[in-house]
Amino acid sequence: MTDVLIPWPQLDERHGPWPDGTRVHAWDGRTPVERLSADALDAVGLWVMPYAVADAHRLLARLPRLRAVQSLSAGVEKLQPLLPDGVALHNGRGLHDASTAEHALGLILAAQRELPRWVADQGAGRWAPHFTRSLADSRVAIVGYGSIGEALERRLLACEAEVVRVARRARPEHHVHAVEELPRLLPEVDIAVLTLPETPATTGLFGARELAALPDGALVVNVGRGRTLDTAALLAEATAGRLRAALDVTDPEPLPADHPLRRAPGVLLTPHIGGGAASFRPRAERLVVEQVRRWAAGEELLNPVPAQG
Ligand SMILES: NC(=O)c1ccc[n+]([C@@H]2O[C@H](COP(=O)([O-])OP(=O)(O)OC[C@H]3O[C@@H](n4cnc5c(N)ncnc54)[C@H](OP(=O)(O)O)[C@@H]3O)[C@@H](O)[C@H]2O)c1
């Protein structure tokens, strides 16, 4: 039996005792790793990495018996190439569904109901009402209809929008369209939301051609990964006043202070905070506890990430 390293101490006080014979250590990614005994580091077989600690991966070199890594992020494209051979990777699929979906919904509502304008008017002492777009009765394409996409769909339907599902492959029985159908689908949508992972196939997937296919005034939302959307092409459409955008993720990140996207008309930006909300922690704790139970029982861990090929 190898040991387990997790980001938070005392989870057993909230979630019940750890399985018999399992030694569980905690490292938050910020305190010096030397506080863990060399004996513990030598024995760690499963490591649940601390969330949003950019250089936590430095510990990989100190874990000789490591067999599995659990990331608490849904997107693991930067971590994947750093893992030693023979170490399985598991991602945080599902942990960020609620937070990212509600952020996407917030961006959509803010853009449709022009909240940035009203906030500016509030500060300027202006009272200048007019009719706005709405989310109700809008048609929304979810490009990357996976875990977050499904959570977003539930929220959109509650707002009386119509949803068009798009994924890598068509699943006609579930009304999911293949990405190849985008040129036919996009002219009919009011809002396109990208919830795509970053992979070689999705980099630049939503480019000049897809943007040009959208009708005038359409809204482009990105809460997946910045590189899946062609920034230069979007900038051209926004600057021309033809398309609007609400982006939680950008290319590059952080977006430089003088980047033209910051000043483009009709563009609303947030600094990659979709997943970072209070609803993350309890969900993450439940996943950690379940993975430790499975690890101790010799069962398959949840959320395996296929090796890159
Ligand atoms: N803004 C934030 O803070 C934040 C928070 C969490 C996650 N994210 C990002 O959101 C991404 C999605 O997360 P998730 O949990 O929803 O992932 P997921 O459940 O794996 O869903 C991904 C979706 O993307 C589709 N897809 C993959 N490659 C594609 C391609 N080449 N063309 C078209 N569609 C493709 C998949 O299609 P199939 O179903 O056909 O395979 C699936 O529908 C993560 O990878 C992460 O980068 C961002």
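Residues numbered from 1 in each chain as written. Predicted model: local features only at pLDDT ≥ 70, side-chain atom pairs only at ≥ 80, totals over all residues. Heavy atoms only, no water.

Going by an unreviewed UniProt entry, the protein chain carries the name 2-hydroxyacid dehydrogenase and comes from Streptomyces catenulae.

(A) Local environment of the overall build of the protein chain. The helix and strand inventory of the protein chain stands at nine helices and 12 strands. Expected size for 309 residues packed as a compact globule is a radius of gyration near 19 Å; at 22 Å, the protein chain falls within 12% of this value. For the protein chain, the C-alpha atoms occupy an extent of roughly 65 × 50 × 35 Å along the three principal directions. Split into buried and exposed, the 309 residues of the protein chain put 50% on the buried side. (Helix = DSSP H or I, 4+ residues; strand = E, 2+ residues; numbered from the N terminus. Rg over C-alpha atoms; globule rule 2.2 N^0.38 Å. Buried < 20%, exposed > 50% of the residue type's maximum accessible area, 1.4 Å probe, protein only.)

(B) Region of interest: the environment of L89. Tracing the chain through its elements places L89 in strand β5 (residues 88-90). Given a relative accessible area of 6%, L89 falls into the buried group. Between the C-alpha atoms of L89 and R67, which are 22 residues apart in sequence, the distance is 8.9 Å. Residue contacts for L89: discarding those within four places in its chain leaves V69, V76, L79, Q80, L83, N303, P304 and V305. (Contact = heavy atoms within 4.5 Å.)

(C) Here's a closer look at the side chain of N91. By secondary structure assignment, the location of N91 is in the loop between β5 and α3 (97-112). A polar side-chain atom of N91 sits 3.4 Å from the main-chain carbonyl oxygen of A74. Not counting the four nearest positions on each side in its chain, N91 is found in contact with Q70, S71, S73, A74, V76, L287, N303 and V305. (Polar contact = N/O pair within 3.5 Å; in protein donor to acceptor, adjacent residues only side chain to side chain.)

(D) Representation of the site of the ligand within the structure. Lining the immediate environment of the ligand, one finds 29 residues, of which R93, S147, I148, R168 and G275 sit closest. One of the side-chain N or O atoms of R93 is found 2.7 Å from an oxygen atom in the ligand. Note that an oxygen atom of the ligand is positioned 2.9 Å from one of the backbone N or O atoms of G275. Contact with the protein chains hides 89% of the accessible area of the ligand, taken as 940 Å² for the molecule alone. Classifying every residue of the shell around the ligand gives 11 nonpolar, 12 polar and six charged. (Near = heavy atom within 4 Å. Areas by Shrake-Rupley, 256 points an atom, 1.4 Å probe, with all protein chains shown as cover. Nonpolar A, V, L, I, M, F, W, Y, C, P; charged D, E, K, R; others polar.)

(E) How the structure looks around the sheet that holds strand β3 (residues 44-48). Pairing is parallel in the open sheet, where five strands are placed in the order β2-β1-β3-β4-β5. A strand with exactly one partner marks an edge of an open sheet, and here the two such strands are β2 (24-26) and β5. Sheet twist, expressed as the mean angle between neighbouring strand axes with direction ignored, is 20°. Here strand β1 (residues 3-6) pairs with β3 via three bridges, running parallel. Residue D3 lies in a different strand from β3, and its bridge partner there is V44. Its contacts with the sheet put helix α9 (residues 280-297) on β1, β2, β3, β4 (68-70) and β5, and the angle it makes with β1 is roughly 170°. (Pairing = 2+ DSSP bridges. Axes fitted to C-alpha atoms, helices over the stretch in contact; angles between N-to-C directions.)

(F) Region of interest: the packing of aromatic side chains. Going through the model one piece at a time under the given rule, you end up with two aromatic pairs. Pairing W27 with W47 gives two aromatic rings, centres 6.2 Å apart and planes at 35°, and the pair type is tilted. Of this pair, W27 sits in the loop between β2 and α2 (38-43) while W47 is found in strand β3, placing the two residues 20 residues apart along the sequence. Note on accessibility: W27 and W47 belong to one class, buried. (Phe/Tyr/Trp six-rings, centres within 6.5 Å; stacked < 30°, edge-to-face > 60°.)

(G) Looking closely at the packing of α3 against helix α5 (residues 147-158). Orientation of α3 relative to α5, taken along the N-to-C sense of each, is 50°, at an axis distance of 8 Å. When the axis of α3 is compared with that of α5, the two are oblique. Considering only the axes of α3 and α5, their crossing is right-handed. For the pair α3 and α5, the contacting residues are D97, A98, T100, A101, E102, A104, L105 and I108 in the first and S147, I148, A151, L152, R155 and L156 in the second. Grouping the constituent residues of the contact of α3 with α5 by class yields nine nonpolar, two polar and three charged. (Parallel < 35°, antiparallel > 145°, perpendicular 65-115°, else oblique. Left-handed = near helix turned anticlockwise from the far one by under 90°.)

(H) Fine view of the pairing of strand β10 (residues 219-222). The alternating pattern of β10 places L219 and V221 and V220 and N222 on opposite faces, both of which are buried. Sheet topology places strand β9 (residues 191-194) next to β10; four bridges connect them, and they run parallel. Each residue of the ladder has a partner; that of L194, found in β10, is N222. For the crossover from β9 across helix α7 (residues 208-213) to β10, the handedness is right-handed. Of the pairings in the sheet, the one linking β10 to strand β11 (residues 244-247) comprises four bridges and is parallel in character. Pairing of V221 across the sheet is with A246, part of β11. For the handedness criterion, the β-α-β arrangement of β10, helix α8 (residues 231-239) and β11 is classed as right-handed. (Right-handed = clockwise from strand over helix to strand, strands pointing away.)

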